Number of protein chains: 2
Amino acid sequence: MKPQIHTITLGVEDLEKSVSFYRDIIGWRTDGIVGSEFGNMAVAIFNMQRGSRLQLFSKTGLAKEANIQATGKNAADFSLGYYVNTSTSVDKIIDQLRQRIPASITKEPGKTRWGGYNAYFQDLDGHLWEVVYDPKLSIEK
Amino acid sequence: MKPQIHTITLGVEDLEKSVSFYRDIIGWRTDGIVGSEFGNMAVAIFNMQRGSRLQLFSKTGLAKEANIQATGKNAADFSLGYYVNTSTSVDKIIDQLRQRIPASITKEPGKTRWGGYNAYFQDLDGHLWEVVYDPKLSIEK
């Protein structure tokens, strides 16, 4: 894996209130909540400097997506997004991880409802990483 | 505040084991644990692409530094670093936040043991942000 983190996803209790917090109080721009058509996949994206993104996403949605418990230690508080350019790359990375730390994979690679392809794993403290291919997003190599 | 996140700090239970995880299993380069001379401020830094950083830091150290409880909801799991170029900028940002959301500030601006100047606040879900000036680090404007 290359040393890159493209997206920081914060799991939040109340998406609308949190959008207001980051937009109106912190002062960052967003197009607002998108993706409500995918059930609990609604998300608010803030484009950050240097091509990275901050996303707000419901905690319950994140827990479901990552196949982890919605409550408890480190549960769905946040996720760091490692973006790749093909679904095959997702498979490869997860295969390598499986050989080293099988227990860390919480969600096996598969298609997402929003048209992407992803998998999730946790580090030793339960911090969540998403390995993801988004066909609408070209990541620099 | 500009839309930038310079550093992602992950709070970990066992710093050495976590360094090994990110260095030996994930495969990222680090100079190892530094700053042990500042007590529980020891940290391992991974320089990421596009000038950002991933840091591993003890959870108890992070809790103490941010003046929050070491246990409980979202406690010291991670912190997002908003870096500025002067200590005055830290004061200004916190002053603005104080007018809008006084309760969110967990640690008032002040000098750090490692020679910097910082403050901490939390968003609606307790996600921790550090506003920080590090004289050894020049941040692009």
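Use the structure listed above.
Residues numbered from 1 in each chain as written. Chains lettered and ligands numbered in written order. Predicted model: local features only at pLDDT ≥ 70, side-chain atom pairs only at ≥ 80, totals over all residues.

**Considering the sheet that holds strand β6 (residues 105-111) of chain A**
Two pairing modes exist for strands in a sheet, parallel and antiparallel, and in both the strands are linked by backbone hydrogen bonds.
Residue and element names in this part refer to chain A.
Line of reasoning, step 1. In spatial order, the strands read β2-β3-β4-β1-β5-β8-β7-β6; together these eight strands make up an open sheet with mixed pairing. A strand with exactly one partner marks an edge of an open sheet, and here the two such strands are β2 (33-34) and β6.
Line of reasoning, step 2. The pairing of strand β3 (residues 43-47) with strand β4 (residues 53-58) spans five bridges and is antiparallel. Within β4, the residue paired with alanine 44 across the bridge is leucine 56.
Line of reasoning, step 3. Packed onto the sheet, helix α3 (residues 87-100) meets β5 (78-84), β6, β7 (117-122) and β8 (128-133) and runs at close to 145° relative to β8. (Pairing = 2+ DSSP bridges. Helix = DSSP H or I, 4+ residues; strand = E, 2+ residues; numbered from the N terminus. Contact = placed C-beta atoms within 7 Å. Axes fitted to C-alpha atoms, helices over the stretch in contact; angles between N-to-C directions.)

**Overview of the interface of chain A and chain B**
Line of reasoning, step 1. Each partner contributes to the interface: chain A provides 34 residues, whereas chain B provides 34 residues.
Line of reasoning, step 2. Counting only elements with at least two residues in the side of chain A that touches chain B, the list comes to β1 (7-12), α1 (15-25), β3 and β5 of chain A.
Line of reasoning, step 3. In terms of residues, the side of chain A that touches chain B owes the most to one element, α1 of chain A, which gives four residues.
Line of reasoning, step 4. Across the side of chain A that touches chain B, the residue classes break down as 17 nonpolar, nine polar and eight charged. (Nonpolar A, V, L, I, M, F, W, Y, C, P; charged D, E, K, R; others polar.)

**Structural notes on the relation of the copies chain A and chain B**
Line of reasoning, step 1. The two copies are related by a screw motion: chain A maps onto chain B through a turn of 180° and a shift of 0.0 Å along the axis, at an RMSD of 0.0 Å. Here the two chains are linked by the operation of a two-fold rotation axis.
Line of reasoning, step 2. Both copies contact each other with a shared surface, as 100% of the interface residues of chain A are interface residues in chain B too. (Least-squares fit on C-alpha atoms with pLDDT ≥ 70 in both.)

**Digging into the sheet that holds strand β4 (residues 53-58) of chain B**
All names here are of chain B.
Line of reasoning, step 1. Reading across the sheet, the eight strands line up as β2-β3-β4-β1-β5-β8-β7-β6 and stay open at both edges, with mixed pairing between neighbours. The sheet is open, and its two edges are formed by β2 (33-34) and β6 (105-111), each paired on a single side.
Line of reasoning, step 2. With six bridges connecting them, strand β7 (residues 117-122) and strand β8 (residues 128-133) associate as antiparallel partners. Note on β8: the bridge partner recorded for tyrosine 120 is glutamate 130.
Line of reasoning, step 3. Packing against the sheet, helix α1 (residues 15-25) makes contact with β1 (7-12), β2, β3 (43-47) and β4, and its axis sits at approximately 155° to β4.
Line of reasoning, step 4. Sheet strands touched by helix α3 (residues 87-100): β5 (78-84), β6, β7 and β8. Its angle to β8, the strand with the most contacts, is close to 145°.

**A look at the pairing of β7 of chain A**
All names here are of chain A.
Line of reasoning, step 1. The element β7 is extensively covered by neighbouring structure, given that five of its six residues are classed as buried.
Line of reasoning, step 2. Note that β6 and β7 share four bridges and pair antiparallel. Among the inter-strand pairings, lysine 111 is bridged to a residue of β7, identified as tyrosine 117.
Line of reasoning, step 3. Hairpin connection between β6 and β7: a loop of five residues separates the two successive antiparallel strands, and glycine 115 in this loop has a positive phi of roughly 95°.
Line of reasoning, step 4. Hairpin geometry of β7 and β8 is characterised by an intervening segment of five residues between the two adjacent antiparallel strands and by a positive phi of about 85° at glycine 126. (Buried ≥ 20, exposed ≤ 12 C-beta atoms within 10 Å, placed from the backbone.)

**A short note on the environment of glycine 116 of chain A**
Residue and element names in this part refer to chain A.
Line of reasoning, step 1. By the secondary structure assignment, glycine 116 is in the loop between β6 and β7.
Line of reasoning, step 2. Separated by 21 residues in the primary sequence, glycine 116 and aspartate 95 place their C-alpha atoms 18 Å from one another.
Line of reasoning, step 3. The residues contacting glycine 116, other than those within four sequence positions of it, are Val132, Tyr133, Asp134 and Pro135.

**With respect to helix α2 (residues 59-66) of chain B**
Residue and element names in this part refer to chain B.
Line of reasoning, step 1. Of all eight residues in α2, six are buried; the element is thus mostly enclosed.
Line of reasoning, step 2. Turning to α2, its buried residues are Lys59, Gly61, Leu62, Ala63, Glu65 and Ala66.
Line of reasoning, step 3. Packing partners of the buried residues in α2 comprise β1, β4, β5, β6, β7 and β8.
Line of reasoning, step 4. Asparagine 67 occupies a position one or two residues after α2 and carries a positive phi of about 60°.

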